[in-house]
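Each chain is listed here by its residues.
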Amino acid sequence: MTRNIIFGGVLTTLFTGLAILSFFYTPYDIQSLDIPNKLHPPNGANWLGTDHFGRDILSMIMMGARTSIAVAVLAVGIGICVGIPLGLLAAARRGSLLDEVIMRGNDLVFAFPSLVIAILITAIFGASAINAIIAIGIFNIPVFARLSRGAALPIWERDFILAARVSGKSSFRISIEHILPNITNLMIVQGTIQFSLGILAEAALSYIGLGAQPPTASWGRMLADAQTLTSIAPHTALIPGLAIVLMVLGLNLLGDGLRDWLDPRLRRGRV
Amino acid sequence: MIRYAGKRLLSLVLSLIAASIVIFAVIEVIPGDPASFMLGVNARADTLEALRDQMGLNDPLHVRYFNWVTGMLTGDFGTSWTYKTPVVDLVNDRIWVSLPLAVYALILSTLIAFPAGIIAASRRGGPADMSIMGATQLGVAIPNFWFAMILVLIFAINLRWFSAGGFPGWDNPALAIKSLTLPAIALALPQAAILARVMRSSLLDTLGEDYIRTARAKGLTRRQALWRHAVRNALIPVLTIIGLQFSFLLAGGIIIEQVFFLPGLGRLIFQSISGRDLIVVESVVMLLVFVVIVVNFAVDIAYGAVDPRLRSKS
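**Side note on unusual backbone geometry**
Moving on, step 1. Here the residue pair Pro214 of chain A and Pro215 of chain A is connected by a cis peptide bond, since its omega of 10 degrees sits within 30 degrees of zero.
Moving on, step 2. A positive phi angle, close to 60 degrees, is found at Lys84 of chain B, a residue other than glycine.
Moving on, step 3. Among the structural elements, Lys84 of chain B can be located in the loop between helix H4 (61-73) and helix H5 (87-122).
Moving on, step 4. Since its relative accessible area comes to 56%, Lys84 of chain B is described here as exposed.
Moving on, step 5. Of note in the backbone geometry, Arg160 of chain B takes a positive phi value of approximately 60 degrees without being a glycine.

**Notes on a nonpolar patch on the surface**
Residues and elements named next belong to chain B.
Moving on, step 1. Together, Leu9, Leu10, Val13, Leu14, Ile17 and Ile21 make up an exposed nonpolar region whose accessible area comes to about 540 Å².
Moving on, step 2. Along the chain, Ile17 falls in helix H1 (residues 2-28).
Moving on, step 3. Judged by its relative accessible area of 43%, Ile17 is partly exposed.

**Re the interface of chain B and chain A**
The extent of an interface is frequently quoted as the accessible surface area lost upon association of the parts.
Moving on, step 1. Listed per partner, the contact involves 40 residues of chain B and 38 residues of chain A.
Moving on, step 2. Both faces combined, the contact of chain B with chain A buries some 3,300 Å², and carbon together with sulfur accounts for 81% of it.
Moving on, step 3. Summed over the three residues of chain B that lose the most area to chain A, namely Phe145, Trp146 and Met149 of chain B, the buried surface amounts to 18% of that side.
Moving on, step 4. Across the chain B-chain A interface, the total number found is one salt bridge.
Moving on, step 5. Taking the shortest distance from any N to any O, the salt bridge between Asp256 of chain A and Arg197 of chain B comes out at 3.3 Å.
Moving on, step 6. Applying the counting rule to chain B against chain A returns three residue pairs in polar contact (both at pLDDT 80 or more).

**Here we look at the packing of helix H6 (residues 127-141) of chain B against helix H8 (residues 173-207) of chain B**
Residues and elements named next belong to chain B.
Moving on, step 1. At a closest axis distance of 8 Å, the pairing of H6 and H8 adopts a crossing angle of 140 degrees. When the interaxial angle is binned, H6 and H8 end up oblique. Considering the relative orientation of H6 and H8, their crossing is left-handed. Each of Asp129, Met133, Thr136, Gln137, Gly139 and Val140 in H6 lies in contact with H8, whose residues at this interface are Leu189, Pro190, Ala193, Ile194, Ala196, Arg197 and Arg200.

**Digging into the pattern of salt bridges**
Residue and element names in this part refer to chain A.
Moving on, step 1. This model, assessed by the stated rule, comprises twelve salt bridges over all chains.
Moving on, step 2. Salt-bridge contacts for Glu100 lead to Arg104; the nearest nitrogen and oxygen are separated by 2.7 Å. You can see Glu100 and its partner Arg104 sitting in helix H3 (residues 97-111), four residues apart, about one turn around the helix.
Moving on, step 3. With a relative accessible area of 41%, Glu100 lands in the partly exposed category.
Moving on, step 4. Through salt bridges that share partners, Glu100, Arg104, Asp107 and Arg146 make up one connected network.

Parameters and conventions
Residues numbered from 1 in each chain as written. Chains lettered and ligands numbered in written order. Predicted model: local features only at pLDDT ≥ 70, side-chain atom pairs only at ≥ 80, totals over all residues. Heavy atoms only, no water. Helix = DSSP H or I, 4+ residues; strand = E, 2+ residues; numbered from the N terminus. Buried < 20%, exposed > 50% of the residue type's maximum accessible area, 1.4 Å probe, protein only. Patch = residues over 30% accessible without salt bridge, like charges linked within 9 Å, V, L, I, M, F, W, Y side chains within 5 Å. Areas by Shrake-Rupley, 256 points an atom, 1.4 Å probe, with all protein chains shown as cover. Salt bridge = Lys/Arg side-chain N within 4 Å of Asp/Glu carboxyl O. Contact = heavy atoms within 4.5 Å. Buried area = accessible area lost by both parts, 1.4 Å probe. Polar contact = N/O pair within 3.5 Å; in protein donor to acceptor, adjacent residues only side chain to side chain. Axes fitted to C-alpha atoms, helices over the stretch in contact; angles between N-to-C directions. Parallel < 35°, antiparallel > 145°, perpendicular 65-115°, else oblique. Left-handed = near helix turned anticlockwise from the far one by under 90°.

Dropping the structure here:
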């Protein structure tokens, strides 16, 4: 299904491109208010219209893409950097007490209602993009730990691992040199999926006011601002929502496409 | 089976203990003294001290933890500091919004997902499968609070079929259900998309099994083999997801409850966090975690009962 990769890749590149472009150029300055021009529907001067402060929505979407992507990437980064080593460790010491502790710890994190805990964390330490990253990142850890352990276990049974052991390599070196390269594809696919979930979580947190704080633009915040305006200016609610949907859709398609492409067995099985 | 159940039960109890310690610890690090929050900035030092004593804030940590846990075990969840009512009563009021909402959303999601998943799997690769899979891709990508806003825009503001928010109480059940309809649809959509995908892939797995070929060889039509053998066996993983979704819906309604101004558990937690009403926060979060852990336990046991192979594995 290379169609998925192309379509997903185009959407993802589009938003990433917009986010990068926003560092150098936005059509308007989103810090300056222009009240007389508020709530204009999309037109020639403001391609996506203006919001209740007269700010250009296209510029806000570009800045918001930056926030969304940064939060989601860093949150997935936390999951990968903590989760994968834990999973590899558990797999290398399978059946031991350490393995049991790591896996039960994972179950415990899974048992917590993630959104409630994310709200709790941001409420305790203050609403900010950093705390949103930590709150979302914590719940990424068990995802990667469990997945990497599950993927590593069958590899440990393979003959080339036995050969590596006979040659005297420690289980730490085997994990890094032989196990990790063999599970990288799977982690990339999962990373894409967690990335899209991170975008959704960031939007939800900023929607209830616990994500990035003004004047930093974020898609969730734009939706919260638009909520009371839906009847008079529907575009203020529709456009940020569509941005979220397209970004998440793009990442999910990309993830699906990559999985099929990287794992030929699945390609045959799924026809 | 008894050994399996015993092992699961032990891990259930351990998880609950661990969860309670984590929640208690997290609540303890919250900056801000609830007593000074209640009395305001101009409170006198001795009044503050007296209130702290009264609230038990001056007891050592382990005593407070122990009191909290034993209280909950005997049905005493403490008294809310801001509402001045027992937490049990608050939960009792709110659960009758959150629970029906979760059940309603789960029913809707199952009603959409089952036929969609079965149709997609039985016409694999065809136009029906393609469009259903496309729709589920869209379904998981739509944030439920945005979908809720769109629903309000269309059905409450433009068509005026439903109210845009609020909850009238259960005195008039028809009206209560009506006011929960838009929130339930908003909650159900992403869940239905996930469930339909699970149903489809699970059904495709069972359709590839040897016993389906045997059934076909015995002369059953495709349709008969599908309904008599494949669907039933495909239900096992689907039921797990339904179990998980229920606890998610109970806790995950928090944002939808904000959108529709519903007085449910999620809103209670949200308001208690901002009001530093810690006793409510810790008790309600513990309650939600309890539900999740117990539902997972029930699913595990049901699994073990249905499929004996799983007992030896775990």
